[in-house]
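The primary structure of each chain is shown beneath.
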Amino acid sequence: MSTALNDLSRHPIVQAPMAGGASCPELVGAVCEAGALGFLAGGYKTAGGLYQEVKQVRALTARPFGVNLLMPPGGQPADPAAVEVYRHQLAGEATWYETPLGDADQGRDDAYDAKVAILLDDPVPVVSFTFGCPDRDALDAFARVGTFTIVTVTSVEEARTAERAGAGAVCVQGAEAGGHQGTHRDDPADGPAPGRGRGLLPLLTEVREAVRLPLVATGGIMRGRQIAAVLAAGADAAQLGTAFLPCPESGAHPLHKRALTDPLFTHTEFTRAFSGRPARGLVNRFLREHGPYAPAAYPEVHHLTAPLRRAAAIAGDPQGMALWAGQGHRMARELPAGRLVEVLVEELHSALSGLASSATIGDAGGTTRTTGTPPTRSTS
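As the structure is a computational prediction, the values presented were derived from the model and not from experiment.

1. Some thoughts on the overall build of the chain
Scanning the chain for helices and strands turns up 14 helices and 11 strands. The burial tally for the chain puts 57% of its 380 residues in the buried class. In the chain, of all internal contacts separated by at least 6 residues, the share reaching a separation of at least 24 is 70%. Of the accessible surface of the chain, which amounts to about 15800 Å², a share of 52% is contributed by carbon and sulfur atoms.

Structure representation (structure tokens):
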């Protein structure tokens, strides 16, 4: 286990950075105060807005916290003709919600350079990256100011790239995860409804055997028993997003929170319908009607649909909202963030105690078991 990663929090629990408002300062502060590692989502904010939220977190907690940045898309912009076809596809939505579609060309870099400059000038304990891996110069610059870096990966190849670039750790994201898949390259060949991602446990094992970096595991984790499972599989910590969405401190829309356990929303799927990038969300009308036609065009589609999503939320219509959720969404619990961390730790203790007891019984009976010694770091 890596001391640099483990010293960031008492418990091996990370609150995922969820762009779009859910990972607000109040949630991050509450999670950190409970002994886990909270993350601000830097995506879809101005550089100035991110700076103000960092200040708010510091006023709420003196414990380490992180900031997540979205890497700018590489390569050429999306095919303008494909984006224009999708614009016409969405014309009826604009009429229904009485709002114009967004400007697909309003920007591709999410003010990335300005946000990096702010975080180097006024460092935070941790910075993570999604949709790609910074080069060694950038990661070394963060290391020089004392910031621990984590790169989200969805394959062994991406993990090796992060290790070569000098990342402090990798966040291994399985296909079960809600929201955007953090792939470093969005392949248009995957089609409008991509779903070929790897499950967390096999991917975690492969990455564990391929790199020497500490690992954060994420994807569908909702219970302490699942945290125990990924720790046993080689992770140093578990990252949970959907589990924290219904917390009162979360900035997620109330309709989004309720939808997680609403019987009307029975399952999740990958879609490009809302952003042009593969993302897992609850299947609603918008996803069903537009998912089959959405092009691989991020962030153009994100900008295009942003006014529709806002208008749907104002109208109280979850059928037009991006209801990001992991596969374990039905297990969501409406608890204060601090209490949720406590419950997860209690469940983790119970699972680890059960593993230890089973191993002891097996040894006494002469049976060989492969459970190993459960990790004891930061679970007290």
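From this point on, the discussion continues.
2. Focus: the side chain of T218
Residue placement: T218 occurs in strand β8 (residues 215-218). Looking at T218, the relative accessible area reads 7%, which means it is buried. Setting aside anything within four residues of it in sequence, one finds T218 in contact with C171, V172, Q173, G174, L200 and Q239.

3. Re the pairing of strand β9 (residues 237-240)
Of the two faces of β9, the one holding A237 and Q239 and the one holding A238 and L240 are both buried throughout. Sheet topology places strand β1 (residues 13-15) next to β9; 3 bridges connect them, and they run parallel. Within β9, the residue paired with I13 across the bridge is A238. Handedness of the β8-helix α10 (residues 224-232)-β9 crossover: right-handed.

4. Notes on the packing of aromatic side chains
All chains considered together, the criterion is met by 4 aromatic pairs. The interplanar angle of 65° and the centroid separation of 5.9 Å between the aromatic rings of F129 and F142 together place this pair among those described as edge-to-face. Here F142 lies in helix α7 (residues 136-144) and F129 lies in strand β4 (residues 126-130), a separation of 13 residues in the sequence. Relative accessible area serves as the criterion here: at 0%, F129 is assigned to the buried category.

5. What about the side chain of Q173?
By the element assignment, Q173 lies in strand β6 (residues 169-173). Classification of Q173 by relative accessible area gives buried; the value is 7%. Looking at Q173, its side chain comes within polar contact range of the main-chain oxygen of H180, at 3.0 Å. Those residues in contact with Q173, other than ones at most four positions away along the chain, are T152, V153, T154, H180, Q181, G182, L203 and T218.

6. Observations concerning helix α3 (residues 47-60)
Helix length check: α3, at 14 residues, gives a terminal C-alpha distance of 20 Å against a target of 20 Å (1.5 Å per residue), a fit within 8%. Regarding α3, the residues found buried are A47, L50, E53, V54 and V57. Within α3, the buried residues cover an arc of 120° as seen down the axis, which keeps them to one side. Contacts made by the buried residues of α3 are with α2 (25-33), β2 (38-41), β3 (65-70) and α6 (112-121).

7. Section: the sheet that holds strand β10 (residues 268-271)
Across the sheet, which stays open at both edges, the 3 strands sit in the order β7-β11-β10 with antiparallel pairing between neighbours. Here the strands that pair on one side only, and so sit at the sheet edges, are β7 (179-180) and β10. Note that β7 and strand β11 (residues 279-282) share 2 bridges and pair antiparallel. Bridged to H180 within β11 is A279.

8. Considerations on the confidence of the model for the chain
Taken residue by residue, the chain gives an average pLDDT of 93. The fraction at 70 or more is 92%. pLDDT under 50 marks residues 367-376. Its contacts with residues more than four places away, or in other chains, come to 11 contacts.

9. A word on the pattern of salt bridges
The final tally for this structure, using the stated rule, is 16 salt bridges. Notably, a salt bridge pairs R339 with E346, separated by 3.3 Å at the nearest N-O pair. A network of salt bridges, in which partner residues are shared, links E93, R285 and E289.

10. Brief notes about unusual backbone geometry
A cis amide bond links Y298 to the next residue, P299, at an omega of 5°. The phi dihedral of A111 falls on the positive side, at around 55°, and the residue is not glycine.

11. Comments concerning the pairing of β2
Along a regular strand, successive side chains alternate from one face of the sheet to the other. Both faces of β2 are covered, namely the face carrying G38 and L40 and the face carrying F39 and A41. Both β2 and β3 contribute to a ladder of 4 bridges, which runs parallel. Its bridge partner lying in β3, A41 is registered against N68. Taken together, β2, α3 and β3 constitute a β-α-β crossover, and its handedness is right-handed.

What counts and what doesn't
Residues numbered from 1 in each chain as written. Predicted model: local features only at pLDDT ≥ 70, side-chain atom pairs only at ≥ 80, totals over all residues. Heavy atoms only, no water. Helix = DSSP H or I, 4+ residues; strand = E, 2+ residues; numbered from the N terminus. Buried < 20%, exposed > 50% of the residue type's maximum accessible area, 1.4 Å probe, protein only. Contact = heavy atoms within 4.5 Å. Areas by Shrake-Rupley, 256 points an atom, 1.4 Å probe, with all protein chains shown as cover. Pairing = 2+ DSSP bridges. Right-handed = clockwise from strand over helix to strand, strands pointing away. Phe/Tyr/Trp six-rings, centres within 6.5 Å; stacked < 30°, edge-to-face > 60°. Polar contact = N/O pair within 3.5 Å; in protein donor to acceptor, adjacent residues only side chain to side chain. Expected span 1.5 Å × (residues − 1). Arc of directions from axis to C-beta. pLDDT = per-residue confidence, 0-100. Salt bridge = Lys/Arg side-chain N within 4 Å of Asp/Glu carboxyl O.

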